[in-house]
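Report on the structure
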Amino acid sequence: GAGVSQSPSNKVTEKGKDVELRCDPISGHTALYWYRQSLGQGLEFLIYFQGNSAPDKSGLPSDRFSAERTGGSVSTLTIQRTQQEDSAVYLCASSLGRDRGSHEQFFGPGTRLTVL
Amino acid sequence: AQSVTQPDIHITVSEGASLELRCNYSYGATPYLFWYVQSPGQGLQLLLKYFSGDTLVQGIKGFEAEFKRSQSSFNLRKPSVHWSDAAEYFCAVGGFNDMRFGAGTRLTVKP
């Protein structure tokens, strides 16, 4: 596809369960970002990948959150033992990245996570 | 550490009126600055960006923004608002690995 895609678009889970959120960046984009947008809040930076490595994990809110990226493309954000405060929209973005000198981020439609 | 402040949580303007959304930032170096728009149920779309050069930048949908280093501001403007401009607007500042977004300003357009 032409843009960033995310799946699922909606996820409802029970407290304590693990969830995986997927992001497919734009082909050729080496940088990938995850953000969290809570109701009425701005975007909270979670993690940034350049290629498969994550030089900045400082935004992950707790050790229940982890992310990986394989093949320099698809990324998965995993939340273990979900809590109600994890309910939010999780946004993924990609950009051409540092090597191509571009900061412009293109966003996916997001995954709305609801923890009951 | 870098930060972005959007002082106005919610703004209401009449259709056809002019618009200015405020954005102030704190950043240690020359900033890269962005404005994004998020329409209901839609993803974030880039309106415009500033990297260097002319401090008045033009974007899509008739929007423009002016970078004022002395005021650490990057305010978004539009001369005449259309009903379709109703959305959430986010200012962002940063580089490759330190992009930070403001809390957003929700724009309501009155008929």
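Check the entry above for the structure.
Reading the values: the criteria
- Residues numbered from 1 in each chain as written.
- Chains lettered and ligands numbered in written order.
- Predicted model: local features only at pLDDT ≥ 70, side-chain atom pairs only at ≥ 80, totals over all residues.
- Heavy atoms only, no water.
- Helix = DSSP H or I, 4+ residues; strand = E, 2+ residues; numbered from the N terminus.
- Rg over C-alpha atoms; globule rule 2.2 N^0.38 Å.
- Buried < 20%, exposed > 50% of the residue type's maximum accessible area, 1.4 Å probe, protein only.
- Contact = heavy atoms within 4.5 Å.
- Areas by Shrake-Rupley, 256 points an atom, 1.4 Å probe, with all protein chains shown as cover.
- Lys, Arg positive; Asp, Glu negative; His and termini not counted.
- Charge placed at Lys NZ, Arg CZ, Asp CG, Glu CD.
- Buried area = accessible area lost by both parts, 1.4 Å probe.
- Salt bridge = Lys/Arg side-chain N within 4 Å of Asp/Glu carboxyl O.
- Nonpolar A, V, L, I, M, F, W, Y, C, P; charged D, E, K, R; others polar.
- Pairing = 2+ DSSP bridges.
- Axes fitted to C-alpha atoms, helices over the stretch in contact; angles between N-to-C directions.
- Polar contact = N/O pair within 3.5 Å; in protein donor to acceptor, adjacent residues only side chain to side chain.
- Phe/Tyr/Trp six-rings, centres within 6.5 Å; stacked < 30°, edge-to-face > 60°.

The next subject is the overall build of chain A. In terms of helices and strands, chain A carries zero helices and eleven strands. For 116 residues, the compact-globule estimate of 2.2 N^0.38 gives 13 Å, and the C-alpha radius of gyration of chain A, at 13 Å, lies within 12% of that figure. C-alpha atoms of chain A, sized along the principal axes, occupy 40 × 25 × 25 Å. Each of the 116 residues in chain A was classed as buried or not, and the buried ones make up 49%. A separation threshold of at least 6 residues defines the contact pool for chain A, and within that pool the share at least 24 residues apart is 55%.

If you tally the helices and strands in chain B, you get zero helices and twelve strands. N-terminal to C-terminal, the α/β element order of chain B is β-β-β-β-β-β-β-β-β-β-β-β. Here chain B has a C-alpha radius of gyration of 13 Å; the compact-globule value for 111 residues is 13 Å, and the two agree. The principal-axis extents of the C-alpha atoms in chain B amount to approximately 40 × 30 × 20 Å. Each of the 111 residues in chain B was classed as buried or not, and the buried ones make up 46%. Pairs at least 24 apart in sequence give 53% of the contacts found in chain B among residues at least 6 apart. Roughly 5,200 Å² of accessible area belongs to chain B as shown, and the carbon and sulfur atoms make up 48% of that amount. Distance from the positive charge centre (10 side chains) to the negative charge centre (9 side chains) of chain B: 2 Å.

In this section: the interface of chain A and chain B. The partner chain B presents 19 residues to the 20 residues of chain A that form the contact. Summed over both partners, the interface of chain A with chain B buries about 1,700 Å², with 60% contributed by carbon and sulfur atoms. Seen at the junction of chain A and chain B, the total is one salt bridge. Put simply, the parts of the chain that give the side of chain A that touches chain B at least two residues each are β4 (31-37) and β5 (43-50) of chain A. Taken together, the residues of the side of chain A that touches chain B sort by class into eight nonpolar, nine polar and three charged.

With that settled, the discussion passes to the sheet that holds strand β7 (residues 65-69) of chain A. Residue and element names in this part refer to chain A. Pairing in this open sheet of four strands is antiparallel, and the strands run β1-β3-β8-β7 from one edge to the other. Of all the strands in the sheet, the pair left with one neighbour each is β1 (5-7) and β7. Looking at each pair of strands side by side, their axes are set apart by 15 degrees on average, direction ignored. Examined bridge by bridge, β1 and strand β3 (residues 19-24) share three bridges and lie antiparallel to one another. Considered in β3, the bridge of Ser 7 is made with Arg 22.

Residues and elements named next belong to chain B. With respect to the secondary-structure elements, Gln 6 resides in the loop between β1 (3-5) and β2 (10-14). Within the structure, the side chain of Gln 6 is placed 3.0 Å from the backbone oxygen of Tyr 89, a separation counted as a polar contact. Side chain to side chain, Gln 6 and Thr 105 meet in a polar contact 3.4 Å long. Apart from the residues within four sequence positions on either side, Gln 6 is in contact with Arg 22, Trp 35, Tyr 89, Phe 90, Cys 91, Gly 102, Ala 103, Gly 104 and Thr 105.

The next thing to look at is the pattern of salt bridges. Note that side chains of opposite charge can pair when their charged atoms are close. Evaluated as defined, the whole model comprises eight salt bridges over all chains. Glu104(A) serves as the salt-bridge partner of Lys49(B), at 2.6 Å between the closest nitrogen and oxygen. Of this pair, Lys49(B) sits in strand β6 (residues 44-50) while Glu104(A) sits in the loop between β9 (88-95) and β10 (106-107), placing the two residues on different chains. The exposure class of Lys49(B) is partly exposed, given its relative accessible area of 35%.

Take the packing of aromatic side chains next. All names here are of chain A. Scanning the entire structure with this criterion turns up 15 aromatic pairs over all chains. Taking 6.4 Å as the distance between ring centres and 20 degrees as the angle between the ring planes, the aromatic pair formed by Tyr 33 and Tyr 35 counts as stacked. On the basis of relative accessible area, Tyr 33 is assigned to the buried category, the value being 1%. The buried category is assigned to Tyr 35, whose relative accessible area is 0%.

So yeah, pure geometry; function would need other evidence.
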